[in-house]
Amino acid sequence: MSETKAPEQDLPTGFQIMEIDPDFRADPYPRLADLQKRCPVHHDPVLESVVLSSYDDVRSVVNDRGLWRNPARGNPRAVFSRVSDVSGERPQSILFMDDPDHARVRGPLTQAFYKRAAKIKPQVEAIVDEVLDGLASRPSFDVIADYGVPVPILVIAAVLGIEKGRLREFREWSEGIIHVLNALRTPEQEQALLAAGDALTSFFAEAMADRRANPKDDLITDMVQLQAAGAELSDDEISVNLQGLLVGGNLTTTDLIGNGVRAFLTHPDQLAKLRADPKLIAAAIEEVLRWDPPITMTGRVASHAMELGGEAIQPKEALISLLRAANRDPTVFDDPERFDIARKHTPHMAFGGGAHICIGAPLARMEGQVALWKLFERFPNLKLADQELTYRALPGFRGLEKLVVEI
Ligand code: HEM
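Bear in mind that the values here come from a model prediction, so they are computed numbers and not experimental data.

Requested: an account of the packing of helix H13 (residues 281–291) against helix H15 (residues 361–378), with residues and values cited.
Here H13 crosses H15 at 110°, and the two axes come no closer than 9 Å. With respect to their mutual orientation, H13 and H15 come out roughly perpendicular. In contact with Ile281, Ala282, Ile285 and Glu286 of H13, H15 contributes Arg365, Gly368, Gln369, Leu372 and Trp373. Grouping the amino acids of the contact of H13 with H15 by side-chain chemistry returns five nonpolar, two polar and two charged.

Before we move on, can you summarise the coordination of the iron atom of the ligand with the specific residues and values?
Inspection of the coordination sphere of the iron atom of the ligand shows a single protein donor, Cys358 (SG), at 2.3 Å. When you line up the elements, Cys358 lands in the loop between helix H14 (323–326) and H15.

I'd like a rundown of the packing of aromatic side chains, residues and numbers included.
One pass over the structure, following the stated rule, counts eight aromatic pairs. Between Tyr55 and Phe333 the ring centres are 5.8 Å apart and the planes differ by 85°, which places this aromatic pair in the edge-to-face class. Separated by 278 residues along the polypeptide, Tyr55 in helix H3 (residues 55–63) and Phe333 in the loop between H14 and H15 bring together distant segments of the chain. Side by side, Tyr55 and Phe333 carry an identical accessibility label, which is buried. Aromatic pair Phe141 and Phe379: ring centres 5.8 Å apart, planes at 50°, arrangement tilted. Here Phe141 is found in strand E3 (residues 140–142), whereas its partner Phe379 is found in the loop between H15 and strand E8 (383–384), with 238 residues between them in sequence. Grouping residues by exposure puts Phe141 and Phe379 together as buried. Aromatic rings pair up to connect Phe170, Trp173, Phe203 and Phe204 into one cluster. The lysine or arginine in question, Arg73, covers the ring of Trp68, its NZ or CZ lying 3.9 Å from the ring centre. Note that Arg328 overlies the ring of Tyr29, its terminal NZ or CZ placed 3.4 Å from the centroid.

Tell me about the packing of helix H7 (residues 150–160) against helix H11 (residues 235–265), and name the residues and values.
The axes of two packed helices give the description: the angle between them and the distance between them. Relative orientation of the contacting elements H7 and H11 amounts to 150°, with a least axis distance of 9 Å. Put simply, H7 runs roughly antiparallel to H11. For the pair H7 and H11, the sense of crossing is right-handed. Residues Pro152, Ile153, Ile156 and Leu160 of H7 pack against Leu242, Leu245, Leu246, Gly249, Asn250, Thr253 and Thr254 of H11. Taken together, the residues of the contact of H7 with H11 break down into seven nonpolar, four polar and no charged.

Requested: an account of the nonpolar core, with residues and values cited.
Core analysis: the largest hydrophobic core is formed by 84 residues, its most contacted members being Tyr147, Leu160, Leu242 and Phe264. At eleven residues, H11 tops the list of elements feeding residues into this core. With 18 residues, the next largest nonpolar core counts Val41, Val58, Ile313 and Phe333 among its residues.

Tell me about the pattern of salt bridges, residues and numbers included.
Between side chains of opposite charge, a pair can form when the charged atoms approach closely. Applying the stated rule across the entire model yields 34 salt bridges. A salt bridge links Asp146 to Arg138; the shortest N-O distance between them is 3.1 Å. Relative accessible area serves as the criterion here: at 33%, Arg138 is assigned to the partly exposed category. Note that Lys279 is salt-bridged to Asp277, the shortest N-O span being 3.4 Å. Here the residues in one salt-bridge network are Glu163, Asp210, Arg211, Lys216 and Asp218, joined through shared partners.

Tell me about the site of the ligand, residues and numbers included.
Lining the immediate environment of the ligand, one finds 29 residues, of which His102, Arg106, Thr298, His356 and Cys358 sit closest. Ile94 is positioned with one of its backbone polar atoms (N or O) 3.4 Å from an oxygen atom of the ligand. Of all the elements in the fold, those that place two or more residues in the shell around the ligand are helix H4 (101–119), H11 and strand E4 (297–301). Here the shell around the ligand gets six residues from one element, more than from any other, and that element is H11. Tallied by class, the residues present in the shell around the ligand amount to 16 nonpolar, ten polar and three charged.

Report on a nonpolar patch on the surface, specifying residues and quantitative values.
A contiguous nonpolar patch, built from Phe15, Ile20 and Val46 and spanning about 250 Å² of accessible area, is present on the exposed surface. Counting through the fold element by element, Phe15 comes out in the segment before helix H1 (22–26). For Phe15, a relative accessible area of 42% puts it in the partly exposed group.

I'd like a rundown of the pairing of strand E7 (residues 318–322), residues and numbers included.
Counting buried residues along E7, five of its five residues qualify, which places the element largely inside the surrounding structure. Side-chain alternation along E7 places Ala318, Ile320 and Leu322 on one buried face and Leu319 and Ser321 on a second face that is also buried. Here three bridges tie strand E2 (residues 49–52) to E7, and the two strands are oriented parallel to one another. Counterpart to Leu52 in the pairing with E7 is Ser321. Of the pairings in the sheet, the one linking E4 to E7 comprises five bridges and is antiparallel in character. Of the residues in E7, the one forming a bridge with Arg300 is Leu319.

How would you summarise H4 if you had to cite specific residues and measurements?
For H4, spanning 19 residues, the distance from its first C-alpha to its last is 28 Å, which sits close to the expected 27 Å at 1.5 Å a residue. Every buried residue of H4 is accounted for by His102, Val105, Arg106, Pro108, Leu109, Thr110, Ala112, Phe113, Arg116 and Ala117. Looking at the buried side of H4, the elements it contacts are H7, helix H10 (219–228), H11 and H15.

Can you tell me about H3, naming the residues and giving the values?
Listed in full, the buried residues belonging to H3 are Tyr55, Asp57, Val58, Val61 and Val62. Buried residues of H3 fall within an arc of 170° about the axis and therefore sit on the same side.

The rules behind the values
- Residues numbered from 1 in each chain as written.
- Predicted model: local features only at pLDDT ≥ 70, side-chain atom pairs only at ≥ 80, totals over all residues.
- Heavy atoms only, no water.
- Axes fitted to C-alpha atoms, helices over the stretch in contact; angles between N-to-C directions.
- Helix = DSSP H or I, 4+ residues; strand = E, 2+ residues; numbered from the N terminus.
- Parallel < 35°, antiparallel > 145°, perpendicular 65-115°, else oblique.
- Contact = heavy atoms within 4.5 Å.
- Nonpolar A, V, L, I, M, F, W, Y, C, P; charged D, E, K, R; others polar.
- Donors = N, O, S within 2.8 Å, 3.2 Å for Na, K, Ca; no water.
- Phe/Tyr/Trp six-rings, centres within 6.5 Å; stacked < 30°, edge-to-face > 60°.
- Buried < 20%, exposed > 50% of the residue type's maximum accessible area, 1.4 Å probe, protein only.
- Lys NZ or Arg CZ within 6 Å of the ring centre and 35° of its normal.
- Left-handed = near helix turned anticlockwise from the far one by under 90°.
- Core = buried A, V, L, I, M, F, W, Y, C linked by side-chain atoms within 4.5 Å.
- Salt bridge = Lys/Arg side-chain N within 4 Å of Asp/Glu carboxyl O.
- Near = heavy atom within 4 Å.
- Polar contact = N/O pair within 3.5 Å; in protein donor to acceptor, adjacent residues only side chain to side chain.
- Patch = residues over 30% accessible without salt bridge, like charges linked within 9 Å, V, L, I, M, F, W, Y side chains within 5 Å.
- Areas by Shrake-Rupley, 256 points an atom, 1.4 Å probe, with all protein chains shown as cover.
- Pairing = 2+ DSSP bridges.
- Expected span 1.5 Å × (residues − 1).
- Arc of directions from axis to C-beta.

Given below as structure tokens:
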């Protein structure tokens, strides 16, 4: 006689819900739906963390300003407790800071960054046009390497005010610093990362000194001026957080473009709908962010004992919010597996929430809209080349290695 298993026994767990697992990478959604249905608050024994997959729990946890963000404050055995240098010896990016430092640094950074993002659209359009001009004479190209990678780097370079003569170096460093997110980096990538970190640190030190003497119309100038006007920010904090914009913004926006192009080219009815009504582009980008978000999870640490979905949570437990699972919760989104750009209700969680909500969201949204619309407009016959699509094995990120298209 076969015994009935307790439902928790065969729950997807540990690396089965991480991009390291090739089957999960190829199609993560069935496992996530299973976990969400059977155990939306899961004490995962492998990750030593509480994994949250329902929309309501994810939303309430990421929006809870009383929880901590710095992984070093939680259980040291939790899988993400070692994701960054949290020794406290060097200044941190706001990504892993808690209050009061988080609010002190994020306040002026947001003030300056939002103003820049609000007026950069004409430059983004010019950058996108120029990159597309370079692709137009080719029969095919890789949307990731040839389009999704250069556009966000050139855009953030414009926001920061990088001079034309230094763009090539800046691009190389930006591609190097991204490996900080890659736990599986090769020794060569490790070298590239270290070299890029050093180069960017001296570059920003020089640039800050230069902007103090010769102010320009750029974000580096904004930050040193806010500091001079009394914002409590050290030079190192400015430098680390400007580098944080490269790390936080480049790969994510690359993947928004890649995931979006793939979604449309595999759903020609949705592409036809967009072509017929270009005003749908803003809604279309929100649907790409809901349906296949570039960042798949975010973390918090329980600062006190609490309860979630009837489960007791102990102080210091690590909480992993599966943003991508929340985005397909059937209690919030009708027919959540369907890619539908005409959805009326898309309160997705792709940018997280609360005190740490993505600072780059306005820029990423606008860039995604310009990049996708202009690509489809320029190449009316764009189609996928014959290829096997594979996703990067980078935990927490959803992005294609390559996406070859024919024009
Ligand atoms: C589609 C593109 C993007 C996605 C999906 C994305 C997603 C996210 C997510 C999920 C978080 C964590 C939020 C939380 O824990 O509640 C975050 C934080 C952050 N993002 Fe983005 N991001 C994108 C683009 C950008 C861009 C373009 C920039 C900058 C230029 C940026 C800079 C940051 C920074 C600095 C943080 C840390 C904010 C804090 O902790 O206070 N991101 N992002």
